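Observations on chain architecture
Chain residues, written in single-letter form:
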Amino acid sequence: MKWPLLAACILGSGLAGKAVAQDTDNATLEKGRYLAAASDCAACHSVRGKPEYSGGVSFSLPMGKIYSTNITPDPEHGIGHYTEAQFGRALREGVRRDGATLYPAMPFPSYARLTNSDIHSLFVYFREGVKAAPISPPKNGIAWPLSIRWPLTFWRWAFAPTPTKAIPRTSGEFTDPELARGAYLVEGPAHCGACHSPRAITMQEKALTATDGNLYLAGGAMVDGWTPPSLRQENRTGLGRWSEDDIVSFLRTGRANTGSVFGSMTSAVVHGTQKLTDDDLHAIVHYLKSLKAADQTQKPWTYDSTITDQLHKADLSYRGARIYVDRCAACHRTDGKGYPSVFPPLAGNPVMMQDDPVSLIHIIQSGATLPAMTAAPSSIVMPAFKHKLTDEQIADVVTFIRHAWGNNASPVSAEDVKRLSKSMPPPDMADDALSLN
Amino acid sequence: MGEKHVDAVIVGAGWAGSILAKELTEAGLSVVMLERGAERTTQVEGAYPDSIDELRGAVRKRLFQNLSQSTVTIRNTIDQTALPYRQLAAFLPGEGVGGAGLHWSGVHFRVAPEDLRLRSSVIERYGEKFIPEGMNLQDYGVTYEELEPFFDKAEKVFGTSGEAYKVQGKIVGNGNVFSPDRSSDFPLPVMKDTFSASVFRDAAKSAGYHPYALPAANASRQYTNTYGCQMGPCNFCGYCSGYDCYLYSKASPNVNILPALRQDPRFSLIPNAHVLRVDLDSTKKKATGVTYLDTRTRKETSLSADLVILGAFQFNNVHLMLVSGIGKPYDPVSNTGTVGRNFVYQTITSSRVWLPSSTYTNQFVGAGGAGVAIDDFNSMNFDHGPLGFVGGSPVWVNQAGMKPIAAATGAGGGGTPRWGSAYKDALINTYKHSLGIDAHGSNMAYRDVYLDLDPTWKDAYGQPLLRMTFTWKDNDIRMNQYVVSKIEPIARAMGATKMNLVHLNPGQPFDTRKYQTTHLGGGAIMGENPQTSALNRYLQSWDVSNVFVIGSNAFPQGMGYNPTGMVAALAYWTAHHIRTTYLKSPGPLVQA
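- Under an unreviewed UniProt entry, the name given to chain B is Gluconate dehydrogenase, and the source organism is Gluconobacter roseus NBRC 3990.
- Check the Sequence similarities (unreviewed entry) section of the UniProt entry for chain B; it says "Belongs to the GMC oxidoreductase family."

- Under the annotation held in an unreviewed UniProt entry, chain A carries the name Cytochrome c and is attributed to Gluconobacter roseus NBRC 3990.
- Recorded under Subcellular location (unreviewed entry), the UniProt text for chain A is reproduced unchanged: "Cell membrane".

What follows is the structure in structure tokens.
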């Protein structure tokens, strides 16, 4: 989807702040467009079938449902009245134009790192490169008194860094300019930690930067039914065995020899990382590769052919083996190596070895569609098995793939699967992956 | 309010349409592709395991034309009254995005060079008198050398697996010794032989023939094609023909071209759009666009276009030309006109051979495009002189996977009880220990075999149905009998314990009730003479120069090979000449 590059002329009569239309050059607008992709704004603020950035993506929180806002330049429904200062404050400090605090679903503790120049570019882009959409998202479904926003202010004071503190912190961490760029992107606009870092009971990320310690990007709690894995160098559960090319390919096309994207990360690749330049992708990967394993105790994964040999001898005695052969092996092969990057490998795949098997159970229940990407137009489907396999069978096959080929992760029970049916994401609508012109 | 205008409108979302759409958008044109059937993507309908439901797929004919809306009428001879083809049987035209390119098997041949100039070749070798009275034997007007780059291009898009014989003049492998030189090898290594194919290979070799692996657009390993589209590897599951391949390993427009096209803002695809006619201007020499019906709303829409590409199924292209008034309809009595002329089929019979119960052919295993063939009795590869017929057949074991319902239906072959323990024994025996051998032959064109508009029957939209006048002719029956007679010694060498050899018999009429093949051809053929061909050598209408008609409708006679490879090469050939010549100066590419 490309919006025409016309300067939006409908800025509205009540426009506050300085008019920016005239003094903007195209380069700033394009930089803003790029940063909006790098910041993955669309993943939360765009809904398929609605105008881009017009909000309405729902977030289920323990106290109710909230919806992302319209961030188009519409003065009434969007952010057309925001000045650049107000825009910057919302992004970096989580403060709305009216002074209320945003729900921290908005990753302002990460965006706090955005430089003034980048804020300016984003402001120009959202003012001039995005078409105003006069629609409002649904009302938030949080009941009073939980809907009162002032406690959020205390949360913000307690846990969110100020830009003055955050900016020098991230940019000063690394002397190597490529690592510094990678750190800026990952810790700032890309806000990877919002999902991939663990959060405390009070919901703040336990670490916001690499220098905050080993918990940064060490794997987060379930988001929309998916458990974000560690992006650190753990051998089994992290990116320890992913090469630079693997990670770059994953971020650019959603698929790599080591695994394919699924779950919530899919939209981050579709809206965000696939649009990044080669240089920025490599900078991100160099930075990620510099993050030491949080868990240093993992025994390095090596391929174990015991199960493969059994299957090749038609020995289906291991729990779940028959279901695997019947339902999975056509694509993922009896040796678990798949046919990457079409069908991802299960042998050695970090998702198999996560302590928490929830992502694995959910992808088998709900399926997943790897959507078309600019650099990889094929959309590849993992079918949903919720209505084809019983809870017991899913538990068996998950246990099988967590065990086989050296994965050696813990078994799963039918009760686990049954319980997780509640958090099962809606079966992936593969139609969404289809960009029909 | 004016109609919507696009640079090019394409009728049909199969191979021909998709190839032209890709090429024309690459050339910078805005393209609308109209498909009368439903949208189909592998990630939705093709998802495992629903995609391999035989009842939904092959039995209820999910991917095929809905005959309740439009069909053809059929008769054997001119003096008969044609009746509608109401149940899919003899041939299975596709419907929906991907067309027949979604439900095909994947046998991906090039062409026997002499088939392109069969008339010249027969005359050179046997004299003009060798051609039977009433046979419209013709040349294509294009040579293998001219088409070679486009065969090559298509294979790299389709991800074709095979074993070459000759590449750039050098013998490189164990491929078909009768096959012509190639500019490059197959993009993917050859598919493995099934057990049945390897038995046939050995037996054919021992009989002195030249077995080779069928070129298959079933990927032998994962592949990323010219357009960045990805294929998975074939696992011989056997669900090819009639199914959308869940492994993404059988080439289809849906897997190999449309993913890339859908990303192009110049391209749009409108499903459920049944094209009623090509609109012509008052001179009848220029198309102004097309009019289509939204099959869900029954609303008619006209699209204006500079260029009209007909890429529908063979007989639908002919039908559209006839109902639109493009070219002169063929009249068999006066032997004039071109549209409907040289309607051809293929002469195919399938035989079955049973091996000892100690050998397992496991008929459930298979890949639609894989197998082992001999070309010793195909095309001009043998001496027709003493035999007195034109044409030939490859012979092959193409174990495409026998599905359970089909196996239970046809078990045992002719003469086997249809119930009881004898039936069950035959079913098991056939499924485990038998194999099929096909004579997949050519079919010549005849003056009284043709297509026209039916005077009586109309489709659901009020248009006359297309009428087929077709039956088997002596030349092709004798060709088939000769080739089938060559199967017997091969089967004996394989150790056959029982044989059910099937061939046509003299006087046997075409039977629409039994599946034979969907490889229909001709009716709007290419050639060098506007009196005997509807299209010039670039598949451009002689009469309406901004209409190109792509498909097996262009074949002057039915060849022994499967047609898709030839259709794809012709599509790229046409696209090349549209891009390099026509667009610079629209008009006839050949002066009539």
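Anyway, onward from the coordinates.
1. Brief notes about the overall build of chain B
- A count of helical and extended segments in chain B gives 14 helices and 23 strands.
- Relative to a compact globule of 592 residues, whose C-alpha radius of gyration would be 25 Å, chain B shows 23 Å and is just as compact.
- Taken along its principal axes, the extent of the C-alpha atoms in chain B is 75 × 55 × 55 Å.
- The buried share among the 592 residues of chain B stands at 58%.
- Of the contacts made within chain B by residues no fewer than 6 positions apart, 75% connect residues no fewer than 24 positions apart.

2. Here's the deal with the overall build of chain A
- For chain A, the count of helices and strands is 18 helices and seven strands.
- The C-alpha radius of gyration of chain A comes to 22 Å, within 12% of the 22 Å expected for a compact globule of 437 residues.
- Across the 437 residues in chain A, those meeting the buried criterion constitute 50%.
- Summarising the internal contacts of chain A: among those between residues at least 6 apart in sequence, 65% fall at separations of at least 24.

3. Some details on the packing of helix 10 (residues 244-253) of chain A against helix 12 (residues 278-289) of chain A
Residue and element names in this part refer to chain A.
- In contact at an axis separation of 9 Å, helix 10 and helix 12 are set at 130° when each is read in the N-to-C sense. In terms of orientation, helix 10 lies oblique with respect to helix 12. In terms of crossing hand, the pair formed by helix 10 and helix 12 is right-handed. Facing E244, I247, V248, L251 and R252 of helix 10, the residues of helix 12 in contact are L281, H282, I284, V285, L288 and K289.

4. Describing the UniProt feature "binding site: heme c 1" (unreviewed entry) in chain A
All names here are of chain A.
- Under the local residue numbering, the UniProt record ascribes the feature "binding site: heme c 1" (unreviewed entry) to C41, C44 and H45.
- Within the fold, C41 resides in helix 2 (residues 41-45).
- Once residues lying within four places of it in the same chain are set aside, the contact partners of C41 are A36, Y53 and I71.
- The residue H45 is located in helix 2 in this model.
- Once residues within four sequence positions are removed from consideration, H45 is found in contact with Y53, G55, V57, S68 and I71.

5. Observations concerning the UniProt feature "domain: FAD-binding" (unreviewed entry) in chain B
- On the UniProt side, "domain: FAD-binding" (unreviewed entry) is annotated at positions that read residues 6-44 of chain B here.
- Note that residues 6-44 of chain B is 31% helix and 26% strand, and that its end C-alpha atoms are spaced 29 Å apart.

6. Some words on the UniProt feature "domain: Cytochrome c" (unreviewed entry) in chain A
Residue and element names in this part refer to chain A.
- UniProt marks residues 27-130, 177-292 and 315-405 with the feature "domain: Cytochrome c" (unreviewed entry), using the numbering shown here.
- For residues 27-130, the end-to-end C-alpha separation is 15 Å, with 43% helix and 8% strand making up the annotated structure.
- Its end C-alpha atoms 15 Å apart, residues 315-405 is made of 42% helix and 7% strand.

7. Description of the sheet that holds strand 21 (residues 498-500) of chain B
Residue and element names in this part refer to chain B.
- Read from one edge to the other, the open sheet built from six strands follows the order 7-16-17-18-15-21, with strand pairing classed as antiparallel. What marks the edges here is a single partner per strand, and that holds for strand 7 (212-213) and strand 21.
- Inspection of the sheet shows strand 7 paired to strand 16 (residues 372-374) by two bridges, in the antiparallel sense. Its bridge partner lying in strand 16, Y212 is registered against A373.
- Sitting on the sheet, helix 7 (residues 195-206) touches strand 16, strand 17 (395-397) and strand 18 (434-441), and the angle it makes with strand 16 is about 30°.

8. Some details on the interface of chain B and chain A
- Chain B puts 23 residues into the contact, and the matching count from chain A is 23 residues.
- Those elements that place two or more of their residues in the side of chain B that touches chain A are helix 9 (258-261) and strand 10 (267-270) of chain B.
- Broken down by class, the residue content of the side of chain B that touches chain A amounts to twelve nonpolar, ten polar and one charged.

9. Describing the domain arrangement of chain A
All names here are of chain A.
- One can read the domain layout of chain A as domain 1 (26-134), domain 2 (173-289) and domain 3 (306-433).
- Measuring from the centre of the C-alpha atoms in domain 2 to the corresponding centre in domain 3 gives 23 Å.
- Between domain 2 and domain 3, the residue contacts involve 25 residues of the former and 25 residues of the latter.
- Contributing elements (two or more residues each) for the side of domain 2 that touches domain 3: helix 10, strand 4 (255-256), strand 5 (259-260) and helix 11 (265-271).
- Considering only residue class, the side of domain 2 that touches domain 3 consists of seven nonpolar, 13 polar and five charged.

10. Comments concerning the UniProt feature "domain: Glucose-methanol-choline oxidoreductase C-terminal" (unreviewed entry) in chain B
- Per the UniProt annotation, the sites labelled "domain: Glucose-methanol-choline oxidoreductase C-terminal" (unreviewed entry) are residues 452-571 of chain B.
- As a span, residues 452-571 of chain B carries 23% helix and 18% strand, and end to end its C-alpha atoms are 25 Å apart.

11. Some words on the environment of Q365(A)
Residues and elements named next belong to chain A.
- Relative to the helices and strands, Q365 is located in helix 16 (residues 358-366).
- Placed 25 residues apart in sequence, Q365 and T390 show a C-alpha to C-alpha distance of 9.8 Å.
- When neighbours within four sequence positions are excluded, Q365 is seen to be in contact with A384, F385, K386, I394, S421 and M424.

12. Some remarks on the environment of K170(B)
Residue and element names in this part refer to chain B.
- Mapped onto the fold, K170 is located in strand 6 (residues 170-171).
- The class of K170 is exposed, set by 9 C-beta atoms lying within 10 Å.
- Put simply, K170 and R182 are twelve residues apart on the chain and 9.4 Å apart in space, counted from C-alpha to C-alpha.

13. Details of the pairing of strand 12 (residues 287-294) of chain B
All names here are of chain B.
- Where strand 11 (residues 273-280) meets strand 12, seven bridges bridge the pair, whose relative direction is antiparallel. From the neighbouring strand, H274 faces strand 12, where its bridge partner is L293.
- Connecting the antiparallel pair strand 11 and strand 12 is a turn made up of six residues, with K284 showing a positive phi of about 65°.
- The pairing of strand 12 with strand 13 (residues 299-310) spans six bridges and is classified as antiparallel. Looking at the pairing, Y292 lines up with T301 of strand 13.
- The hairpin formed by strand 12 and strand 13 contains four residues between the paired strands, and R298 there has a positive phi angle of roughly 60°.

14. Thoughts on helix 7 of chain B
Residues and elements named next belong to chain B.
- In a regular helix each residue adds 1.5 Å, so twelve residues correspond to 16 Å; helix 7 covers 17 Å between its end C-alpha atoms and thus fits that length.
- Along helix 7, the residues classified as buried are S196, A197, V199, F200, R201, A203 and A204.
- Looking at the buried side of helix 7, the elements it contacts are strand 16, strand 17, strand 18 and helix 13 (474-493).
- Positive backbone phi, at 90°, marks G208, one or two positions downstream of helix 7.

15. Some remarks on the sheet that holds strand 3 (residues 72-75) of chain B
- Read from one edge of the open sheet, four strands run 4-3-20-19 (chain B), paired in mixed fashion. The sheet is open, and its two borders are formed by strand 4 (83-84) and strand 19 (450-458) of chain B, each paired with just one other strand.

16. With respect to unusual backbone geometry
- Across the junction of P340(A) and S341(A), the peptide omega takes the value 0°, indicating a cis bond.
- Considering the arrangement of structural elements, one finds S341(A) in the loop between helix 14 (321-332) and helix 15 (350-353).
- In this structure, the amide linkage connecting Y48(B) to the following residue, P49(B), adopts the cis form with an omega of 0°.
- Unusually for a residue other than glycine, A314(A) sits at a positive phi of about 60°.
- Within the element layout of this structure, A314(A) appears in the loop between helix 13 (306-312) and helix 14.
- A count of 8 C-beta atoms within 10 Å places A314(A) in the exposed class.
- The backbone phi angle of R333(A) is positive, close to 65°, even though this residue is not glycine.
- Along the chain, R333(A) turns up in the loop between helix 14 and helix 15.

17. Focus: the pairing of strand 1 (residues 58-61) of chain A
Residue and element names in this part refer to chain A.
- Pairing of strand 1 with strand 2 (residues 64-67), which is carried by four bridges, proceeds in the antiparallel orientation. Counterpart to S60 in the pairing with strand 2 is K65.
- Connecting the antiparallel pair strand 1 and strand 2 is a turn made up of two residues.

18. Thoughts on the environment of L188(B)
Residues and elements named next belong to chain B.
- With respect to the element layout, L188 can be found in the loop between strand 6 and helix 7.
- Residue classification places L188 among the buried residues on the basis of 26 C-beta atoms within 10 Å.
- Put simply, L188 and P132 are 56 residues apart on the chain and 42 Å apart in space, counted from C-alpha to C-alpha.

Parameters at a glance
Residues numbered from 1 in each chain as written. Chains lettered and ligands numbered in written order. Predicted model: local features only at pLDDT ≥ 70, side-chain atom pairs only at ≥ 80, totals over all residues. UniProt positions renumbered as here; feature names shortened; annotations may be inferred. Helix = DSSP H or I, 4+ residues; strand = E, 2+ residues; numbered from the N terminus. Rg over C-alpha atoms; globule rule 2.2 N^0.38 Å. Buried ≥ 20, exposed ≤ 12 C-beta atoms within 10 Å, placed from the backbone. Contact = placed C-beta atoms within 7 Å. Axes fitted to C-alpha atoms, helices over the stretch in contact; angles between N-to-C directions. Parallel < 35°, antiparallel > 145°, perpendicular 65-115°, else oblique. Left-handed = near helix turned anticlockwise from the far one by under 90°. Pairing = 2+ DSSP bridges. Nonpolar A, V, L, I, M, F, W, Y, C, P; charged D, E, K, R; others polar. Domains from an automatic or database assignment. Expected span 1.5 Å × (residues − 1).

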